[in-house]
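One-letter residues, chain by chain:
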Amino acid sequence: MSLRQTHGAEIDAILARYPHKRSAILAVLYISQDHYGQLTDAAIREVAEILDTNPTDVFEVVGFYTLLYDDKVGKVVLQVCDDVPCAFCGAEELVGTLESKLGIKSEETTADGLFTLQRVKCLAACNRAPLLQANLDYYGELNTPEKVDELLTLLRTRIANNDNISISGRKAFL
Ligand code: FES
């Protein structure tokens, strides 16, 4: 089913906020990304059609923003901050623990399709180091393997219950 068929009302509500459809590009891309799980070429062209704009413009936006995924990612994208303050507080250990518990390396996705692990720079919450964001939710002070276990259990429960799982964190727009 097309994005219009599945999310028509939500898209119309977003488009109504802007004088030009093109201004809604990020919000509509977030819906598409959550719906398809990644922004394929076809998905990007569909968004361009909804916005009555040139597909090249949409491809450029997708290529620019790191929270827009043209590769397949897991249901939850774990982005660990490895910038200096987090590094001093155990970011490397956190990445190592996640790699060990998930059985993947950074930039990989678990075989069950649940988690993608990435490294990012400062998430502007240095007081909670070491920190990661899971989709757009922040989890800080992850300085022991036990806390990482608790977090993964929580996230697995949320995934199983389909509890606000959005790789785009698009609830922020609603
Ligand atoms: S350095 Fe990690 S949140 Fe700022």
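Residues numbered from 1 in each chain as written. Predicted model: local features only at pLDDT ≥ 70, side-chain atom pairs only at ≥ 80, totals over all residues. Heavy atoms only, no water.

K.L.:
Can you explain the nonpolar core? Please cite residues and give values.
P.N.:
Counting residues in each nonpolar core, the largest one holds 21 residues, and the members touching the most others are Leu29, Leu51, Val58, Val62 and Leu68. Elements represented by at least two residues in this core include exactly helix H1 (3-15), helix H2 (25-36), helix H3 (41-50) and helix H4 (55-64). At six residues, the largest contribution of residues to this core is made by H2. Those residues within four positions of Leu51 in sequence are excluded, and the remaining contacts are Leu15, Lys21, Arg22, Ala24, Ile25 and Val28. Counting 20 residues, the second largest nonpolar core, distinct from the first, contains Val76, Val95, Leu98 and Leu114. (Core = buried A, V, L, I, M, F, W, Y, C linked by side-chain atoms within 4.5 Å. Buried < 20%, exposed > 50% of the residue type's maximum accessible area, 1.4 Å probe, protein only. Helix = DSSP H or I, 4+ residues; strand = E, 2+ residues; numbered from the N terminus. Contact = heavy atoms within 4.5 Å.)

K.L.:
Hey, could you go over the domain arrangement of the chain for me, with residue numbers and the actual values?
P.N.:
According to the domain assignment, the chain contains domain 1 (3-64) and domain 2 (76-160). Taking only C-alpha atoms into account, the centre of domain 1 sits 29 Å from that of domain 2. (Domains from an automatic or database assignment.)

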